[in-house]
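The chain contents come next:
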Amino acid sequence: MMYPYITLDDDTEVTHSDMKSDGRVKVYIETLDEKDGFHNAVCYLPDYIWENNGYSDEEICFYKQLVRDNAHLIMEFSQKGGIYV
């Protein structure tokens, strides 16, 4: 199950999974791109393992900082069924 976390001003969606039994949480970032379709990235917390599909170095740097700054909240919400519970 993926839960919404935040929508940025450019309509980029950030979602996260439930916490898995091994303590990992998947964070998924997706942006509509009129030329290429969608760009997306995945980060696995708490290890900060990243997969980037289409974002520039500058964009992925921004998303890495965003996830790092919000990781404690994402980890907490992943155990509670999302932010809107």
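This is a predicted model, so every value here is computed, not measured.

Novice: I'd like a rundown of a negative patch on the surface, residues and numbers included.
Specialist: Residues D9, D10, D11, E13, E58 and E59 make up a contiguous surface patch of negative charge. Relative to the helices and strands, D10 resides in the loop between strand 1 (2-7) and strand 2 (13-17). For D10, a relative accessible area of 46% puts it in the partly exposed group.

Novice: Break down helix 1 (residues 57-78) for me, with residues and values.
Specialist: Helix length check: helix 1 (22 residues) gives 28 Å between terminal C-alpha atoms against 32 Å at 1.5 Å per residue, more than 12% under. By the largest-angle criterion, N70 marks the main kink of helix 1, which is about 60°. As for helix 1, its buried residues are in contact with strand 1, strand 2, strand 3 (25-33), strand 4 (37-45) and strand 5 (49-53).

Novice: Requested: an account of the nonpolar core, with residues and values cited.
Specialist: Ranked by internal contacts, the top residues of the largest apolar core, which has 18 residues, are V27 and L45. Elements that contribute at least two residues to this core include exactly strand 3, strand 4 and helix 1.

Novice: Describe the sheet that holds strand 4, naming the residues involved and giving the relevant values.
Specialist: Spatial strand order, 1-2-3-4-5: 5 strands in an open sheet with antiparallel pairing. At either end of the open sheet lies a strand with only one pairing partner, and these are strand 1 and strand 5. Strand-to-strand twist across the sheet, computed as the mean angle between neighbouring axes with direction ignored, equals 20°. Two elements, strand 3 and strand 4, share 9 bridges in a ladder whose sense is antiparallel. Bridge pairing in strand 4 places T31 opposite H39. Running over the sheet, helix 1 touches strand 1, strand 2, strand 3, strand 4 and strand 5 and is turned about 135° from strand 3.

Novice: Tell me about the packing of aromatic side chains, and please be specific about residues and values.
Specialist: Tallied over the full model, the rule gives 3 aromatic pairs. Look at Y5 and F77: their rings are 6.3 Å apart centre to centre, the planes differ by 40°, and that puts the pair in the tilted class. With a gap of 72 residues between them, Y5 in strand 1 and F77 in helix 1 connect regions that are remote in the sequence. Accessibility classification places Y5 together with F77 in one group, the buried group. Both rings, one in F62 and one in Y63, keep their centres 5.4 Å apart while their planes meet at 75°; by these two values the pair is edge-to-face. A residue is classified by how much of its surface remains accessible, and F62, at 46% relative accessible area, is partly exposed. An aromatic cluster of three or more residues is present, and its members are Y55, F62 and Y63. It is R68 that lies over the ring of Y48; its NZ or CZ is 4.0 Å from the centre.

Definitions and limits used
- Residues numbered from 1 in each chain as written.
- Predicted model: local features only at pLDDT ≥ 70, side-chain atom pairs only at ≥ 80, totals over all residues.
- Heavy atoms only, no water.
- Patch = residues over 30% accessible without salt bridge, like charges linked within 9 Å, V, L, I, M, F, W, Y side chains within 5 Å.
- Areas by Shrake-Rupley, 256 points an atom, 1.4 Å probe, with all protein chains shown as cover.
- Salt bridge = Lys/Arg side-chain N within 4 Å of Asp/Glu carboxyl O.
- Lys, Arg positive; Asp, Glu negative; His and termini not counted.
- Charge placed at Lys NZ, Arg CZ, Asp CG, Glu CD.
- Helix = DSSP H or I, 4+ residues; strand = E, 2+ residues; numbered from the N terminus.
- Buried < 20%, exposed > 50% of the residue type's maximum accessible area, 1.4 Å probe, protein only.
- Expected span 1.5 Å × (residues − 1).
- Bend = angle between axes of the 7 residues up to and from the residue.
- Contact = heavy atoms within 4.5 Å.
- Core = buried A, V, L, I, M, F, W, Y, C linked by side-chain atoms within 4.5 Å.
- Pairing = 2+ DSSP bridges.
- Axes fitted to C-alpha atoms, helices over the stretch in contact; angles between N-to-C directions.
- Phe/Tyr/Trp six-rings, centres within 6.5 Å; stacked < 30°, edge-to-face > 60°.
- Lys NZ or Arg CZ within 6 Å of the ring centre and 35° of its normal.

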